Amino acid sequence: MASQALPLEEAVQILQDAGCTREFTQRFIAAMEAEPIQVQLRLLRVQRQRQLDHVHVEEKRLDCLDYLRYMLEKQLPAETKPNRKGH
């Protein structure tokens, strides 16, 4: 049984939900209309890596804030330290 092509509107919605830029979405839709699936998959792989790189940058920023908070909390007397469960 042959697989059914993904409707353009659904692909656009998925890309929007994924936080892709309008530029990327337009480029991807153009590839859907004129390029083989391999090209579409390559575009998605590159976009995924780009977004993952942003996640890693944000993780490093959060680590810096957590470290600063940790250093400040170490200075507090034991009875006044905040509960760490709620971050």
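See above for the structure.
Bear in mind that the values here come from a model prediction, so they are computed numbers and not experimental data. (Residues numbered from 1 in each chain as written. Predicted model: local features only at pLDDT ≥ 70, side-chain atom pairs only at ≥ 80, totals over all residues. Heavy atoms only, no water.)

Draft legend 1. Representation of the packing of helix α2 (residues 22-34) against helix α3 (residues 37-74) in the model. As a packed pair, α2 and α3 sit with axes 9 Å apart at the nearest point and diverge in direction by 160 degrees. Taken together, α2 and α3 sit at an angle that is classed as roughly antiparallel. Judged by the sense of rotation from one axis to the other, the crossing of α2 with α3 is left-handed. Taking contact as the criterion, the partners of Phe24, Arg27, Phe28, Ala31 and Met32 in α2 are, on α3, Val39, Gln40, Leu43, Leu44 and Gln47. Across the contact of α2 with α3, the residue classes tally to seven nonpolar, two polar and one charged. (Axes fitted to C-alpha atoms, helices over the stretch in contact; angles between N-to-C directions. Helix = DSSP H or I, 4+ residues; strand = E, 2+ residues; numbered from the N terminus. Parallel < 35°, antiparallel > 145°, perpendicular 65-115°, else oblique. Left-handed = near helix turned anticlockwise from the far one by under 90°. Contact = heavy atoms within 4.5 Å. Nonpolar A, V, L, I, M, F, W, Y, C, P; charged D, E, K, R; others polar.)

Draft legend 2. Up close: the nonpolar core. Ala11, Leu15, Cys20, Phe24, Phe28, Ile29, Ala31, Val39 and Leu43 form the largest nonpolar core, which has nine residues in total. Among the elements of the structure, α1 (8-17), α2 and α3 are those that each provide at least two residues to this core. Sort the elements by how many residues they give to this core and α2 lands first, with four residues. (Core = buried A, V, L, I, M, F, W, Y, C linked by side-chain atoms within 4.5 Å. Buried < 20%, exposed > 50% of the residue type's maximum accessible area, 1.4 Å probe, protein only.)

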